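Architecture at a glance
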Amino acid sequence: MDCPACGSPVTLEVGPDRPLSTSLSDAVLAADEDEQIEVTRDCWDCGWHETRALRVTSIDTTDGDETAVERAGLIDEITDELAAIESVGTLEETLAAIREQRKTDAATTDTDDATE
């Protein structure tokens, strides 16, 4: 965010009882019901300052989608494996195999739909 007074970058601090490195999203997700979170923004160029207080009035949670969680974990694992491959040729072969598999899956799905 830029300073509304001079346009310079501002710092954002979440406090007062949190480490300086705490992000606003982490503070909100860690908050308890009826907890107050202070957010301070400062411009070190012109001296502009703002403090806002957020109060958590209720917390609603839902169970995560197990399939989405499993899929995200697999994507992370695949990404890590791909990042470890140094051979461009191997990466190209892998990409080609993935694309071929997707074509096969799409053709199978189309055939199944047509027979129903």
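Residues numbered from 1 in each chain as written. Predicted model: local features only at pLDDT ≥ 70, side-chain atom pairs only at ≥ 80, totals over all residues. Heavy atoms only, no water.

1. Observations regarding the sheet that holds strand β1 (residues 11-15)
The antiparallel open sheet is built from 3 strands, whose spatial order is β1-β2-β3. With one partner strand each, in any of the chains shown, β1 and β3 (49-55) form the two edges of the open sheet. Going across the sheet, the axis of each strand differs from the next one's by a mean of 20°, ignoring polarity. Here strand β2 (residues 36-42) runs beside β3; their pairing, made up of 7 bridges, is antiparallel. Paired with glutamine 36 across the bridge in β3 is arginine 55. (Pairing = 2+ DSSP bridges. Helix = DSSP H or I, 4+ residues; strand = E, 2+ residues; numbered from the N terminus. Axes fitted to C-alpha atoms, helices over the stretch in contact; angles between N-to-C directions.)

2. Side note on the pattern of salt bridges
Per the stated rule, a full pass over the model turns up 4 salt bridges. Between glutamate 35 and arginine 18 there is a salt bridge, with the nearest N and O atoms lying 2.4 Å from each other. Here arginine 18 lies in the loop between β1 and α1 (24-30) and glutamate 35 lies in the loop between α1 and β2, a separation of 17 residues in the sequence. Relative accessible area serves as the criterion here: at 22%, glutamate 35 is assigned to the partly exposed category. (Salt bridge = Lys/Arg side-chain N within 4 Å of Asp/Glu carboxyl O. Buried < 20%, exposed > 50% of the residue type's maximum accessible area, 1.4 Å probe, protein only.)

3. Focus: the nonpolar core
Nonpolar side chains in soluble globular proteins tend to end up buried together. The biggest cluster of nonpolar side chains holds 6 residues, and these are Val14, Ala27, Ala31, Ile37, Val39 and Val56. For isoleucine 37, the contacting residues outside a window of four places in its chain are Val14, Gly15, Arg18, Leu24, Ala27, Val28, Ala31, Arg52, Ala53, Leu54 and Val56. (Core = buried A, V, L, I, M, F, W, Y, C linked by side-chain atoms within 4.5 Å. Contact = heavy atoms within 4.5 Å.)

4. Some points on the side chain of threonine 40
Secondary-structure assignment places threonine 40 in strand β2. Not counting chain neighbours up to four residues away, the residues in contact with threonine 40 comprise Thr11, Leu12, Glu13, His49, Glu50 and Thr51.

5. A few points about helix α2 (residues 66-84)
For α2, with 19 residues, the first-to-last C-alpha span of 27 Å sits near the 27 Å given by 1.5 Å per residue. Buried residues are scarce in α2, accounting for 0 of its 19 residues. (Expected span 1.5 Å × (residues − 1).)

6. Some words on unusual backbone geometry
Residues other than glycine seldom take positive phi values, yet aspartate 34 does so here, at roughly 70°. The topology assignment puts aspartate 34 in the loop between α1 and β2.

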